[in-house]
Amino acid sequence: MKPAFSLCVYCGSRPGVDPVFAEAARQVGQWIGEHGGQLVYGGGHNGLMGIVADATLAAGGRVIGVIPKALVEKEWAHTGCTELHIVDTMHERKRLMAEHADAFLSLPGGIGTLEEFFEVWTWRQLGYHAKPVGLLNLGGYYTELLTFLNSSVKSGFMSDWQMELICVASEPTALLQQLVQAAGMAPEGLRLDQI
């Protein structure tokens with residue numbers, strides 16, 4: 001059965017210090033599964049990556065993992081994925097993840113998460129795709145980054161419209177609903193005006 005929507009989630013291969021990060025990853029995965037969705041992510045079993053995948057599967061959702069050969073052992077490839085694609089390069093990983101997604105969501109994470117977020121945002125502003133891009137500013141995790149980005153606008157290196165391409169929220173459910181609605185995809189059993 002075709003999923004109601006397909007959400008690409010970028011997040012840390014570590015759990016972070018604050019348990020609120022792991023709980024948010026669990027909530028995101030559970031919401032995806034409960035609404036008939038599909039998770040697309042980096043294919044790892046560690047950290048927030050594993051938590052969001054396990055929660056999606058436990059709630060009945062599909063999970064597509066995409067992981068480069070070089071990271072299979074480092075990130076402990078999640079063999080429980082509905083589909084696990086092992087690719088040669090990071091470029092292939094990101095391309096395949098983007099192709100399978102209706103929207104993108106970045107949870108807290110490190111340099112890899114930031115790089116993936118900036119790439120899909122760049123692709124969006126260049127017109128390579130028209131898919132919504134979300135940033136979960138959980139507990140103020142991304143507040144300083146957003147402050148810096150706004151200073152780039154003030155300094156004339158970015159425009160307000162580029163900032164408006166990002167959906168930012170501090171609570172997972174509201175942001176998930178916003179992204180799915182912006183993608184024009186209704187979760188199972190719900191109309192767009194009900195989410």
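The shown structure was predicted, so the numbers you read here are calculated from the model rather than taken from an experiment.

K.L.:
Which residues make up the packing of aromatic side chains, and what are the values?
P.N.:
Geometry of an aromatic ring pair is reported as the spacing of the ring centres plus the angle between the planes. This structure, assessed with the given rule, holds seven aromatic pairs. Here F5 and W31 contribute two aromatic rings whose centre-to-centre distance is 5.7 Å and whose plane-to-plane angle is 45 degrees, an arrangement assigned as tilted. Separated by 26 residues along the polypeptide, F5 in the segment before β1 (6-10) and W31 in helix α1 (residues 19-34) bring together distant segments of the chain. Each member of the pair, F5 as well as W31, is classed as buried. Ring centres of F21 and Y141 lie 5.7 Å apart, and the angle between their planes is 75 degrees; this geometry places the pair in the edge-to-face category.

K.L.:
Quick one: what's the story with the nonpolar core, residue by residue and with numbers?
P.N.:
Buried together is how nonpolar side chains tend to be arranged in soluble globular proteins. Within the largest apolar cluster, 31 residues are counted, with the highest numbers of intra-cluster contacts made by F5, L7, V9, V28, L39, L105 and L107. Elements with a minimum of two residues in this core: β1, α1, β2 (38-41), α2 (47-58), β5 (103-106), β7 (166-169) and α7 (172-182). The biggest single contributor to this core is α1, with six residues. Counting residues in hydrophobic clusters, the runner-up holds 25 residues, among them V66, F117, L145 and L149.

K.L.:
Summarise the pairing of β5; cite the residues concerned and give the values.
P.N.:
Burial along β5 is two-sided: A103 and L105 and F104 and S106, pointing in opposite directions, are all buried. Inspection of the sheet shows β1 paired to β5 by four bridges, in the parallel sense. Counted as the bridge partner of V9 is L105 from β5. Read from β5 through helix α4 (residues 111-126) to strand β6 (residues 133-136), the crossover connection turns out right-handed.

K.L.:
Before we move on, could you go through the sheet that holds β2 and cite the residues and values that matter?
P.N.:
Judged by pairing direction, the sheet is parallel, and its seven strands sit side by side in the order β4-β3-β2-β1-β5-β6-β7 without closing on themselves. Looking at which strands have only one partner, the edges of the open sheet turn out to be β4 (83-87) and β7. Geometrically, the sheet is characterised by an average inter-axis angle of 20 degrees between neighbouring strands, direction not taken into account. Two strands pair when backbone bridges link them, and β5 and β6 are joined in this way by three bridges, in the parallel orientation. Following the sheet pairing, L105 is matched in β6 by G134.

Here is what the cut-offs are and how they apply
- Counting restarts for each chain, with residues numbered from 1 along the sequence as it is written.
- Reporting in this predicted model follows two pLDDT cut-offs: at least 70 for local features of residues, and 80 or more for side-chain atom pairs to be given and counted; totals over whole chains, interfaces and linings ignore these cut-offs and use all residues.
- With hydrogens and water stripped out, all remaining heavy atoms of the structure feed into the side-chain values.
- Note on aromatic contacts: the rings of Phe and Tyr and the six-membered ring of Trp form a pair at centre separations within 6.5 Å, being stacked when their planes are under 30 degrees apart, edge-to-face when over 60 apart, and tilted otherwise.
- Here a helix means four or more residues in a row that DSSP labels H or I, a strand means two or more in a row labelled E, and each is numbered from the N terminus.
- Classification of residues uses two cut-offs on accessible area relative to the type maximum, computed with a 1.4 Å probe and protein chains only: under 20% is buried, over 50% is exposed, and between them is partly exposed.
- In this text, buried Ala, Val, Leu, Ile, Met, Phe, Trp, Tyr and Cys residues form a nonpolar core when linked through side-chain atoms within 4.5 Å.
- Pairing between strands is defined by DSSP: at least two bridges between them are needed.
- For the handedness criterion, the strands are oriented away from the viewer, and a crossover whose path from the first strand over the helix to the second runs clockwise is classed as right-handed.
- Here an axis means a line fitted to C-alpha atoms, over the contact stretch when the element is a helix, while the angle between two N-to-C directions is reported on a 0 to 180 degree scale.

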